[in-house]
Every structure is written in structure tokens, then in C-alpha cells.
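The primary structure of each chain is shown beneath.
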Amino acid sequence: QVQLVESGGGLVQAGGSLRLSCSASGSFFPVGDMGWYRQAPGKQRDLVATITRAGNTNYADSVKGRFAISRDNAKNTVYVQMNSLKPEDTAVYYCYVRLLVTDYWGQGTQVTVSS
């Protein structure tokens, strides 16, 4: 059983910053890829950023230069530092972790950026 707990969402003004965290707990194999997706109302869930166990990162073009993903393998935790937030970043943010070939998802955390 794998449980993911997300934190750090909230309301922020445009240009502000937030840091999201997601911790995985339970009995499982070493965590592989970790990452974040987001879903705005009426839209599909889209990639935000991913990070491999070795620390290789991948970002959506829309967040490059503004967001930074990182992880702590000892804590099975993934973070995303979000700077220079824009109203179009408003969405529910979901973290995921990959164990072998299975992806597990968090419950989602709301990020709202006001103009």
C-alpha cells in the first residue's frame, strides 16, 4: 500500500511563489520517477515537471525558468518550487510516484493565482 500526501497549495498573487511537497509512505520498492501534473477546470491533466531517481529533470515549456523540481530520496519526497506565478498556473496540482511500472497519484492540492 502506497500513500501520497501533498501539501503547500494555496492562494497567491501573480508574481508570487509557492512550494509544493509530496511524501510517499508505505512498504514499497525504491521509488523511481516522481513528478507533478496539473489540471485546470475543464481541461485535461498536463505535465508540469518530472524528476528521475538520479535527478534528471523535465519541464513543461510553460513553466521552464519559473518552476524547479527536486526530490529527497531518503524521505521519498518530491518538491516543486513555483516562482513568478501567473493566473494561468491556477489548477489542482497532483504528484505522482512510479514504483516499478505502476504510477501512484496524490489527492491533489489547489493552487490559485490571483491577478
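Here the structure is shown first, and the text comes after it.
Reading the values: the criteria
- Residues numbered from 1 in each chain as written.
- Predicted model: local features only at pLDDT ≥ 70, side-chain atom pairs only at ≥ 80, totals over all residues.
- Heavy atoms only, no water.
- Core = buried A, V, L, I, M, F, W, Y, C linked by side-chain atoms within 4.5 Å.
- Buried < 20%, exposed > 50% of the residue type's maximum accessible area, 1.4 Å probe, protein only.
- Helix = DSSP H or I, 4+ residues; strand = E, 2+ residues; numbered from the N terminus.
- Contact = heavy atoms within 4.5 Å.
- Salt bridge = Lys/Arg side-chain N within 4 Å of Asp/Glu carboxyl O.
- Patch = residues over 30% accessible without salt bridge, like charges linked within 9 Å, V, L, I, M, F, W, Y side chains within 5 Å.
- Areas by Shrake-Rupley, 256 points an atom, 1.4 Å probe, with all protein chains shown as cover.
- Phe/Tyr/Trp six-rings, centres within 6.5 Å; stacked < 30°, edge-to-face > 60°.

(A) Representation of the nonpolar core within the structure. W36, F67, V78, M82 and Y93 are the most contacted members of the largest nonpolar core, which has 29 residues in total. Of all elements in the fold, only strand 1 (2-7), strand 3 (18-26), strand 4 (34-39), strand 5 (45-51), strand 7 (67-72), strand 8 (77-82), strand 9 (91-99) and strand 11 (109-114) reach the threshold of two or more residues within this core. For this core, the element with the most residues is strand 9, which contributes 5 residues. In this structure, M82 is in contact with G16, S17, L18, L20, R66, F67, Y93 and V111, ignoring residues within four places of it in sequence.

(B) Looking closely at unusual backbone geometry. The backbone of N76 shows a phi angle near 50°, a positive value even though the residue is not glycine. Along the polypeptide, N76 turns up in the loop between strand 7 and strand 8. Residues other than glycine seldom take positive phi values, yet L100 does so here, at roughly 55°. Mapping L100 onto the fold places it in the loop between strand 9 and strand 10 (102-105).

(C) Layout of the pattern of salt bridges. One pass over the full model with this rule turns up 5 salt bridges. We note a salt bridge from R98 to D33, for which the minimum N-O separation is 4.0 Å. With a gap of 65 residues between them, R98 in strand 9 and D33 in the loop between strand 3 and strand 4 connect regions that are remote in the sequence. Residue classification places D33 among the partly exposed positions, given a relative accessible area of 26%. Taking the shortest distance from any N to any O, the salt bridge between R38 and D89 comes out at 2.9 Å. A residue pair is termed long-range when its members are at least 10 positions apart, and R38 in strand 4 and D89 in the loop between strand 8 and strand 9 qualify at 51 residues. A residue is classified by how much of its surface remains accessible, and R38, at 13% relative accessible area, is buried. Classification of D89 by relative accessible area gives buried; the value is 0%. A single salt-bridge network, built from bridges that share partners, covers D33, R98 and D103.

(D) View of a nonpolar patch on the surface. On the surface, a nonpolar cluster with roughly 380 Å² of combined accessible area is contributed by F29, L100 and V101. The residue V101 is located in the loop between strand 9 and strand 10 in this model. Classification of V101 as exposed rests on a relative accessible area of 77%.

(E) Up close: the packing of aromatic side chains. The final tally for this structure, using the stated rule, is 3 aromatic pairs. With centroids separated by 5.4 Å and ring planes inclined at 75°, the aromatic side chains of Y37 and W105 adopt a geometry described as edge-to-face. In this pair, Y37 is assigned in strand 4 and W105 in strand 10, connecting sequence segments 68 residues apart. Classification of Y37 as partly exposed rests on a relative accessible area of 23%. Since its relative accessible area comes to 37%, W105 is described here as partly exposed. On the basis of an interplanar angle of 35° and a centroid distance of 5.4 Å, the ring pair of Y96 and W105 is categorised as tilted.

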